[in-house]
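Observations on the three-dimensional arrangement
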Amino acid sequence: MIRSIILSLALIASMAVDAAMGDWRLHASYHNATRCETIDGKVYVLASGALFSYDEEDEEVRTYDRISHLSDIDISLIAYSKENEALVIVYKNANIDLLYSDETVYNISDFKNKTLATKNINSISINGNTALLSTGFGIVELDIERKEFTNTYNLNTEVYSTHIFDGAIYAGTKEGTMRGARSKNLLDNSNWQKLNKYKTTSFAIFKDQLYCVIEHLGVYTLDTENNRLTLVAENNGTIYKYLYNDGTQLVAGGTDKVIFFDSSTQKSIYQIEKGSNFIRKKGSRVWNCKGYKGLAACTIEGGKIVEKSLGIIPNSPIRNYSEFLKFSGDRLLVAGGNINYLDTKFYDGTAMVYDYTNERWTNLPEETIISSTGGYLNVCCIDEDPTEPGHYFTSSFGFGLYEFRDDKFIKHYSNKNSALQSVISGPYENRYIRVPKVEFDNDGNLWMLNTGTKTP
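Residues numbered from 1 in each chain as written. Predicted model: local features only at pLDDT ≥ 70, side-chain atom pairs only at ≥ 80, totals over all residues. Heavy atoms only, no water.

1. Observations concerning unusual backbone geometry
- The phi dihedral of Glu 59 is positive, around 65 degrees, even though this residue is not glycine.
- By the element assignment, Glu 59 lies in the loop between β3 (50–55) and β4 (61–64).
- A residue is classified by how much of its surface remains accessible, and Glu 59, at 53% relative accessible area, is exposed.
- Positive phi is not limited to glycine here, since Asn 378 has a value of about 50 degrees.
- One can find Asn 378 in the loop between α3 (367–373) and β33 (379–384). (Helix = DSSP H or I, 4+ residues; strand = E, 2+ residues; numbered from the N terminus. Buried < 20%, exposed > 50% of the residue type's maximum accessible area, 1.4 Å probe, protein only.)

Written out as structure tokens, the structure is:
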């Protein structure tokens, strides 16, 4: 651990030599697209806890980070306020930014600075000038126009979703769906009414009706006068994760299916490629946030959603993992796993190379490794052959050694085909081939450590 810390500090110092004050750059990951908003011809994408935009007209991709625009890192939620022409950005630490169309940013840090047992924000609902934050203890109300918090409703339970409809706040909580009339003092918990026992994860208003997603059951309308739920789309194997009104239709989606409603009884159901995190519909254009496959532009043709572009991903590290760093000439080698003796956290296999000359990130392939070897986790070291540029070896604390050449996976070395040994024997021995360190000498010989074995 001490050696790793010293190495990281030495690398930071060496980079600082070449960088004048104020010239720092943040290399954030933008690969895992989870949410997007369409604003005036641009698509703003939340990916890997960071933000980038794609201009539909000139196809420019622009990234936003703490150094150049924003106030913090690690974004958890985004939502657009049409009335204020502002993108509301919520960070995991409860900090909030308002990003306006002229790219000015206003920071609201009051909630972040509060001393509370929990400040996690599960969702954000925009209702005119009001943003409702669903938190681990209740609801926090933000006036976007005035840029200040106005009310905090402590419901003493976790809230997953909220919405304002017909003069009341509806809240999907751990205890069930609740309603509070805004004409009453909602700081008094006795003025909140429990409507049902279900876990409501999303609300939306469409054609003067309140719709909601109930976890594991489906999409419903809620008759607010008679407190009656009516099923309009059952799960059928798909867990619906989001619900919104796009201006002309109601959209409900899950990982492999999306529904466009014209009314509560008229709808079109489309299958989408599994792994979709979010579908944003804007007129005839559809945007698919496909996780690590990026953002894809789609159209609706012949009853199908057809992809019109490859995944849009800014050039960046595939993940924000950087346990091990090493320079090899003009390239920075990065491994993202950890030395994990207690099996408490396993990081997805991550090995990356940054070419300073061309300012390009290369993420060494993963899918072929997982399909052919059955495991690729905790890659904790990487080195390049000094006699053959582009020839890399990565080591895993658990799964052995991996070889790459010209950005392609070549071979996996384990206790079955090499001198490497497993810490244990038996059916799970392939998960305990611990290689914490790998390094070439100047003659191109590869050395490695094989930890926890009988013969080191």
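2. So, the sheet that holds strand β7 (residues 96–100)
- Reading across from one edge, β5-β6-β7-β8 is the order of the four strands in this open sheet, with antiparallel pairing throughout. Each edge of the open sheet carries a strand with a single partner, namely β5 (75–81) and β8 (105–108). Each adjacent strand pair in this sheet contributes to an overall mean axis angle of 20 degrees, direction not counted.
- One ladder, built from six bridges, connects β5 with strand β6 (residues 86–91); its direction is antiparallel. (Pairing = 2+ DSSP bridges. Axes fitted to C-alpha atoms, helices over the stretch in contact; angles between N-to-C directions.)

3. Quick notes on the side chain of Ser 29
- Turning to its location among the elements, Ser 29 is positioned in the loop between α1 (2–18) and β1 (33–39).
- Separated by 2.9 Å, the side chain of Ser 29 and the backbone oxygen of Ile 318 make a polar contact.
- Once residues lying within four places of it in the same chain are set aside, the contact partners of Ser 29 are Ala 47, Ser 48, Ala 50, Ser 316, Pro 317, Ile 318, Arg 319 and Asn 320. (Polar contact = N/O pair within 3.5 Å; in protein donor to acceptor, adjacent residues only side chain to side chain. Contact = heavy atoms within 4.5 Å.)

4. Points about the packing of aromatic side chains
- Evaluated as defined, the whole model comprises 23 aromatic pairs.
- Both rings, one in Tyr 211 and one in Phe 261, keep their centres 6.3 Å apart while their planes meet at 50 degrees; by these two values the pair is tilted. You can see Tyr 211 sitting in strand β18 (residues 209–214) and its partner Phe 261 sitting in strand β23 (residues 257–261), a full 50 residues away along the chain.
- The exposure class assigned to Phe 261 is buried, which follows from its relative accessible area of 0%.
- Ring plane angle 75 degrees and centroid distance 5.0 Å describe the contact between Tyr 341 and Phe 397, whose orientation is recorded as edge-to-face. Taken as a pair, Tyr 341 in the loop between β30 (331–335) and β31 (351–355) and Phe 397 in strand β34 (residues 391–398) lie far apart in primary sequence, 56 residues in all.
- By relative accessible area, which is 3% here, Phe 397 ends up buried.
- One aromatic cluster is present, formed by Phe 327, Tyr 354, Tyr 356 and Trp 361 through successive ring pairs.
- Over the ring of Tyr 106 we find Lys 147; its NZ or CZ atom is 5.4 Å from the centre of that ring. (Phe/Tyr/Trp six-rings, centres within 6.5 Å; stacked < 30°, edge-to-face > 60°. Lys NZ or Arg CZ within 6 Å of the ring centre and 35° of its normal.)

5. Here we look at the sheet that holds strand β13 (residues 159–165)
- Spatial ordering of the open sheet is given by β13-β14-β15-β16, a layout of four strands whose pairing is antiparallel. Only two strands of the sheet have a single partner each, and these edge strands are β13 and β16 (192–196). The mean inter-strand angle of the sheet, taken between neighbouring strand axes irrespective of direction, is 25 degrees.
- By the bridge criterion, six bridges tie β13 to strand β14 (residues 168–173) in an arrangement that is antiparallel. Within β14, the position partnered with Ile 164 by the bridge is Ile 169.

6. Some words on the nonpolar core
- Ranked by size, the top nonpolar core spans 27 residues in total, and within it Cys 36, Val 45, Val 258, Trp 287, Leu 295 and Ile 305 carry the most contacts.
- Mapped by element, the contributors of at least two residues to this core are β1, β2 (42–47), β3, β21 (242–245), β23, β25 (278–282), β26 (285–289) and β27 (295–301). (Core = buried A, V, L, I, M, F, W, Y, C linked by side-chain atoms within 4.5 Å.)

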